[in-house]
Amino acid sequence: MFKNKKLTLILALIVVVALAGGIWLFTGGKHKESATSPDGQGSKIVEENGTKSLSQTFYIYDTVVNIKIFGDKIAQKNMDDIQQMMERMDLEFSRTKEGGEIYAVNKAAGKDAVVVSDETLDIVKESLKYAKEMDGLFDPTIGPLVDLWNIGSGGKKVPDKDAIAKAASLTNYKDVIIDENAKTVKLTKEGMILDLGAIGKGYAADRIADYLKEQGIESAMINLGGSSIIALGAKPGGAKWNIGLQDPDQSRGTQLGTIKIEDEVIDASGVYERFFIQDGVRYHHILDPRTGFPSQNGLKSITIMSPNAMDADALSTGIFLMGLDEGMKFIEALPEKIEAFFITDDNKIYATSGIKGRLNLTDTTYTLAN
């Protein structure tokens, strides 16, 4: 099921706060500014330890995106090309932007099949594969429930039970029909809504990585809002990157520990990202298609480590909904090099076998339980 892409990127020398994913990167290095682009987009050419780099910050996918590339071949054209790629995918995959392909698929729900681009067809196909493998816990048709709860975008109360039941009845990945020959996507029921938010940024991050490799750029960092971070290769000089891990009970900028990585992607999901509290209960944005409600399974957060961003993006949602026991078994059974650790409500950390010895806990509030 999961693609095992071998990316050859090296994480850049910067400090990045991961706004949405619960991870941030601690790095260092001396640098001097040698030029600044005149486009006003925040792109800079600097020299760090004798290596040229180009960095730029974008606001897209409703989040802050940080990209940094290294090497003698780097040019502003690379950032311009990446920006065009992101803007194209943002429009294609958006369920709310008129003119987008997923928007058109949703508008035609229950009526017509819609012709889409190869890129959109690919991401929908991949979404359905993940959904099947995780028995619908990852479901790209979650849109009606997302819209109903509207958590993080103004929703601050539990919806009516009948409304939840109706939205849940429209959430079923098996009701998506793909015709690969005709390149069409169709939703069989009126009111269905494809929502690729749980996979889109990861898909985009992998496409950006592919582009950079094609351009002969082997050193870069891609951070799409923190939920999709490609940090592959070692730091210049060969040292691994030291990643600070978000404390789910504290404000951004605090950490529970660190982990050193090389050639990996990190993706985190947690109840601290977007939520409201009603009658003492926290209702967060990770919705369970089985119940129509936010999951209440004793987990605060999950962090996935994977060779590529799309796997990590999709898994972080589906495995969170599995809960601790089932999620651990699922990851341990995967043939790919994918690891994870879970944080429970009682501040215990449970890690898969391949990552357990790599966690360096610095906050005594948290303890490794297995």
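One can find the structure itself at the top, above this paragraph.
Throughout what follows, the structure given in this document is the object of discussion. Position labels on residues start from 1 in each chain and follow its written sequence. pLDDT decides what is reported in this predicted model: residues at 70 or higher carry local features, side-chain atom pairs at 80 or more are listed and counted, and totals for whole chains, interfaces and linings draw on all residues regardless. Heavy atoms from the whole structure form the basis of all side-chain values; hydrogens and water molecules are not counted.

1. Quick notes on the overall build of the chain
For helices the rule is a DSSP run of H or I covering at least 4 residues; for strands it is a run of E covering at least 2, with both sets numbered from the N terminus onward. A count of helices and strands for the chain gives eight helices and 21 strands. For every residue, the accessible area (1.4 Å probe, protein chains only) is compared with the maximum for its type, and the residue is labelled buried under 20%, exposed over 50%, or partly exposed between those bounds. Counting across all 370 residues of the chain, residues that qualify as buried make up 56%. Throughout, a contact is declared for two residues whenever any of their heavy atoms are within 4.5 Å. Sequence-distant contacts, at least 24 apart, represent 62% of the contacts inside the chain between residues at least 6 apart.

2. Details of unusual backbone geometry
Here Tyr61, not a glycine, exhibits a phi torsion of approximately 55°, which is positive. If you trace the backbone, Tyr61 turns up in the loop between β5 (51-60) and β6 (63-70). Even without being a glycine, Asn150 presents a positive backbone phi close to 55°. Counting through the fold element by element, Asn150 comes out in the loop between α4 (143-149) and α5 (161-169).

3. Here's the deal with the packing of helix α7 (residues 309-322) against helix α8 (residues 324-333)
Taken N-terminus to C-terminus, the directions of α7 and α8 make an angle of 135°; their axes are 6 Å apart at the nearest point. Classified by the angle between their axes, α7 and α8 sit oblique to one another. Mapping the contact onto sequence places Leu315, Ile319 and Met322 in α7 and Leu324, Glu326, Gly327, Phe330 and Ile331 in α8. Each residue gets one of three labels, nonpolar for Ala, Val, Leu, Ile, Met, Phe, Trp, Tyr, Cys and Pro, charged for Asp, Glu, Lys and Arg, and polar for the others, Gly among them. Residue composition of the contact of α7 with α8, grouped by class: six nonpolar, one polar and one charged. Angles shown run from 0 to 180 degrees and are taken between the N-to-C directions of axes, each axis being a line fitted to C-alpha atoms and, for helices, limited to the stretch in contact. For classification purposes, an angle smaller than 35 degrees is called roughly parallel, one larger than 145 roughly antiparallel, one from 65 to 115 roughly perpendicular, and anything else oblique.

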